[in-house]
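# Working through the structure, step by step
Spelled out, the chains give:
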Amino acid sequence: MEPEEKKPKYGDSRTFDPNFKGPIHNRSCTDVLCCLLFILALLAYFAVGLLAWSQGDPRKVIYPTDSRGQFCGQIGTPLEKKPLLFYFNIMKCASPLVLLEFQCPTTQICVEKCPERFLTLKKAILNKEHMQYFSQFCKEGVDTTMMATELLRDGMCPSVIIPSRPFTRRCLPALETKKGGVVVIGNETTFTSGDVNLNATDLLEATKKSNIVVEARQVAMRIFEDYTQSWHWILLGLVIAMVLSLLFIILLRFLAGVMVWVMIILVILVIGYGIFHCYMQYAALKGQPGSDVTIKDLGLQTDFSIYLQIQQTWLAFMIILCIVEVVILLLLIFLRKRILIAIALIKEASKAVGHVMSSLFYPVLTFALVSVVIAYWAVTAVFLSTSSEPVYKVFNTTECEYSRQTCKPETFNRTNISAQCPDAECLFAFYGGETYYHKYLILFQFYNLFLFFWCVNFVTALGQVTLAGAFASYYWAFKKPDDIPAFPIFSSLGRALRYHTGSLAFGSLILSIIQVIRVILEYLEQKLKVAENRVAKFFLTCLKCCFWCLEKCIRFLNRNAYIMIAIYGKNFCTSAKNAFFLLMRNIVRVFVLDKVTDFLLFLGKLLIVGIVGVCCFFFFSGKIKFGKEVASSLNYYWVPIVTVVFGAYIIASGFFSVYAMCVDTMLLCFLEDLERNDGSEERPYFMSKSLQKILNKKNKFMTK
């Protein structure tokens, strides 16, 4: 008996097929069940959105609410001219931060402006002018002729008003600290609330937890002011980044080899200039008073320009740039031979993009679709979070058996609660509900998040399949460009939507599940920060690391599976298996070429971002005369610089993603070409002559 032949570990190599001429046109629908599941999920997503839009009210996020649940400052209501919320007794609130989410057990009304003076009700009632000013902080329809004790008994007015400032549309005490650490409010160190004498320090204790938030708000307001002053210059910087990206791609088509080496040299020079600039700044600060302070000693400062006045900051920048420079130089030395092969692939990709110019504009469609998905998710999330109903509860200062029970303001005065508890009030507590919709609201939010990931991944997968199909049509055209089909992008997009919606949904579903699990792990980590369970934190960190690696692997496999789907039209699992086996049969070549090409394309993005960033730095920091006027109007000159740099990277990534997809498609087609063909007249190579030359391959029948 003959021994059974052992099958190759990663499948058999591709065999020659005389009928194969590139992406197969006669194909059938794949992964139909996943397609139906995706359509049903989208319909349910739209239903959740409609339900949220019918129940939600975004005004709850924008406007604060008074004790009756009415919105302060809402246009078209009697409170339109009263945008601020005033608390009768701020001392009953444990912390101002709680005011953003929960109600304080005190009466709250909408006012036109916050109190600007210190005044008690007992003093105000003795002076008509003072009482007229005081009455705007009382309930509507108050009778100012009543005694102070009667007004306090009926809860019509606060016992005292103190100088306050608006914070998140709420009037909070305007506390100040004099020399010697004395806390004052309106130049007063003590005040009377009802019959109790209180120190201004007590108010400081009640509001001290908001200091960090106040400072953060000040920074946010300054950043917002910088955006209003420099938005048109930011747009100009982004347009320049887009022009540079287009110009780079056009030049790459004709001068790929030269451009790659020029790009490498320029990146090295840009980083070298950064090192030189950091050293000059470091040397200039040497010996200056206060420049030897460490970042740790300086702590968190709201004025970030302070960090640029100490030596340690520039030393840290210089060390980081030196490390980056050394790593790049070492990679170039050890991978110099592989760079030549990568240049050949980029040249081939340049030709492919040149013949399929519409591919450069496809990222605009992807960006538009992703923007629609993000907008739908964000709006639905806001409506879901604001779809609760106002809940009223009994608030009182003395003991009462009905305390914190739900109540109805319309019927509260007719119940026996007010008789048994004279000081009790039926006040707005929070937004909630007892219906099935409100009970399962968290599930709707989870579903909204899950479909957001699924839709974004589907749009990304659609773009990858479309581009892969178009570039595969170019590679498998024997006579280029004569054999390239007309409108390859539209043809590939039509095939993807008509036949492979289910496969795209399948691949994006797998990735979405992993991403949701990562979100859940992040949520659990936030919850565990309070607890000191080191074992749980360790396992959670390990899980996060594992799922991060798993997501990267799935993204890589999906990308190559989509290329095989675009070429052969098989289902997702078959395409993923064939792509994986093909890559594993050529693992060394794939790894080196793919990573070297990715590295070169990354250097291209880095060059564009570096050029734009350096220009923005000189302009917004006032280093050149043309930008001094703009720089003088900014609080933080780094705000527009960071914005333009980030935007430039996003724009460059969009254009270079087309190139990356083209190179990946060329690589898989190239590997298939090597396995299918041998250069004979019956089985000629489809690769370009430059690739044949590098690999010492040639079509024998064309050598004569």
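All chains use their own residue numbering, which begins from 1 and follows the written sequence. Owing to the predicted nature of the model, reporting of local features is limited to residues with pLDDT of at least 70; listing and counting of side-chain atom pairs is limited to 80 or more, with chain, interface and lining totals taken over all residues. Hydrogens and water are ignored here; the side-chain numbers use all heavy atoms of the structure.

Naming follows an unreviewed UniProt entry, where the protein appears as Choline transporter-like protein of Pygocentrus nattereri. Quoted verbatim from the Function (unreviewed entry) field of UniProt, the annotation for the protein is "Choline transporter." UniProt positions are given in the numbering used here, feature names are shortened, and annotations may be inferred rather than shown by experiment. Per its UniProt entry, the protein bears the Sequence similarities (unreviewed entry) comment "Belongs to the CTL (choline transporter-like) family."

### Here's the deal with the side chain of Asp-664
Along the chain, Asp-664 falls in helix α22 (residues 638-676). N or O atoms closer than or at 3.5 Å make up a polar contact, with two conditions inside protein: a donor-capable atom paired with an acceptor-capable one, and, for residues adjacent in sequence, both atoms drawn from side chains. For Asp-664, the side chain forms a polar contact with the side chain of Arg-559, separated by 2.5 Å. Throughout, a contact is declared for two residues whenever any of their heavy atoms are within 4.5 Å. For Asp-664, the residues in contact, after removing those within four places along its chain, are Arg-559, Ile-563 and Asp-594. The helix and strand labels rest on DSSP assignments: H or I over at least four residues marks a helix, E over at least two residues marks a strand, and numbering proceeds from the N terminus.

### Quick look at the packing of helix α15 (residues 441-475) against helix α16 (residues 488-499)
Interhelical geometry of α15 versus α16 gives an angle of 130° and a closest axis separation of 8 Å. Overall, the two elements α15 and α16 adopt an arrangement that is oblique. Of the two elements, α15 crosses α16, and the hand of that crossing is right-handed. Listed contacts from α16 to Leu-462, Val-465, Thr-466, Leu-467, Gly-469, Ala-470 and Ser-473 of α15 are Pro-488, Ile-489, Ser-492, Leu-493, Arg-495, Ala-496 and Leu-497. Note that Gly is not counted as nonpolar here; it falls among the polar residues with everything else outside the nonpolar set of Ala, Val, Leu, Ile, Met, Phe, Trp, Tyr, Cys and Pro and the charged set of Asp, Glu, Lys and Arg. Counted by class, the contact of α15 with α16 contains nine nonpolar, four polar and one charged residues. Angles run from 0 to 180 degrees between N-to-C directions of axes, and those axes are lines fitted to C-alpha atoms, restricted for helices to the stretch in contact. Comment on the angle field: the value is read as roughly parallel under 35 degrees, roughly antiparallel over 145, roughly perpendicular from 65 to 115, and oblique elsewhere. By the definition used in this description, the sense in which the near helix is turned from the far one sets the handedness, with an anticlockwise turn below a right angle giving left-handed and a clockwise turn giving right-handed.

### Some words on the state of the cysteines
A pair of sulfur atoms, both from cysteines and within 2.5 Å, is called a disulfide here. For the coordinates displayed, the defined rule picks out three disulfides. Residue pairing for Cys-138: its cysteine sulfur links by disulfide to Cys-157, the two sulfurs lying 2.1 Å apart. Because the torsion about its S-S bond is 115°, the bridge between Cys-138 and Cys-157 counts as right-handed. Highlighted residues: Cys-138 in the loop between α4 (128-134) and α5 (148-153) and Cys-157 in the loop between α5 and β4 (160-161), separated in sequence by 19 residues. This pair shows no difference in class: Cys-138 is buried, exactly as Cys-157 is. Counting only cysteine sulfurs, Cys-29 is the nearest neighbor of Cys-35, a cysteine outside any disulfide, at a range of 7.6 Å. Note on Cys-553: no disulfide assigned, nearest cysteine sulfur contributed by Cys-549 at a separation of 6.8 Å. Each residue is placed in one exposure class: buried if its accessible area under a 1.4 Å probe, protein chains only, is under 20% of its type's maximum, exposed if it is over 50%, and partly exposed if it falls in between. For Cys-553, a relative accessible area of 45% translates into the label partly exposed.

### Here we look at the pairing of strand β2 (residues 108-111)
Across the two faces of β2 the burial is the same, with Gln-108 and Cys-110 and Ile-109 and Val-111 all buried. Two strands make a pair as long as DSSP finds a minimum of two bridges between them. Bridging between strand β1 (residues 84-87) and β2 involves four bridges; their strand directions are antiparallel. The residue of β2 that forms the bridge with Tyr-87 is Gln-108.

### A word on the UniProt feature "transmembrane region" (unreviewed entry) in the protein
Under the UniProt annotation, "transmembrane region" (unreviewed entry) lies at residues 32-53, 231-251, 258-276, 314-335, 356-379, 451-478, 599-622 and 634-661. Structurally, residues 314-335 comprises 95% helix and 0% strand, and the distance from its first C-alpha atom to its last is 32 Å. The distance from the first to the last C-alpha atom of residues 451-478 is 42 Å, and the span holds 89% helix and 0% strand.

### Observations concerning the environment of Ile-520
Summarising the element assignment, Ile-520 is placed in helix α17 (residues 501-528). Accessibility expressed as a relative area gives 37% for Ile-520, which makes it partly exposed. Sequence separation of Ile-520 and Lys-544 is 24 residues, and the distance between their C-alpha atoms is 9.8 Å.

### With respect to the environment of Leu-285
The residue Leu-285 is located in helix α8 (residues 256-285) in this model. Spatially, the C-alpha atoms of Leu-285 and Gln-312 are 10.0 Å apart, while their sequence positions differ by 27 residues. Setting aside residues no more than four positions away along its own chain, Leu-285 makes contact with Ser-291, Leu-308, Gln-309, Ile-310, Gln-311 and Trp-314.

### So, the pattern of salt bridges
Salt bridges are defined by distance alone: a side-chain nitrogen of Lys or Arg within 4 Å of a carboxyl oxygen of Asp or Glu. Per the stated rule, a full pass over the model turns up four salt bridges. Among the ionic pairs, Arg-518 bridges to Glu-551, the shortest N-O distance being 2.5 Å. In this pair, Arg-518 sits in helix α17 while Glu-551 sits in helix α18 (residues 534-568), placing the two residues 33 residues apart along the sequence. A salt bridge links Lys-544 to Glu-522, with the nearest nitrogen and oxygen atoms 3.3 Å apart. A residue pair is termed long-range when its members are at least 10 positions apart, and Lys-544 in helix α18 and Glu-522 in helix α17 qualify at 22 residues.

### Comments concerning empty space enclosed by the protein
Of the grid points, spaced at 1 Å and generated over the protein atoms alone, those admitting a 1.4 Å probe that cannot get out make up cavities, while open sets with protein on both sides within 12 Å along at least five of seven lines make up pockets; any residue with an atom within 4 Å of a point is treated as lining. Grid points are joined across faces, edges and corners, and a volume is the space filled by probe spheres set on the points. The tally for this structure, following the rule as stated, stands at two cavities of 30 Å³ or more. Approximately 30 Å³ is the volume found for the second largest cavity. The wall of the second largest cavity is formed by Arg-27, Val-465, Gly-469, Ser-492, Arg-495, Ala-496, His-500 and Ala-566. Looking at the lining of the second largest cavity, the elements that each hand over two or more residues are α15 and α16. With three residues, the top contributor of residues to the lining of the second largest cavity is α16.

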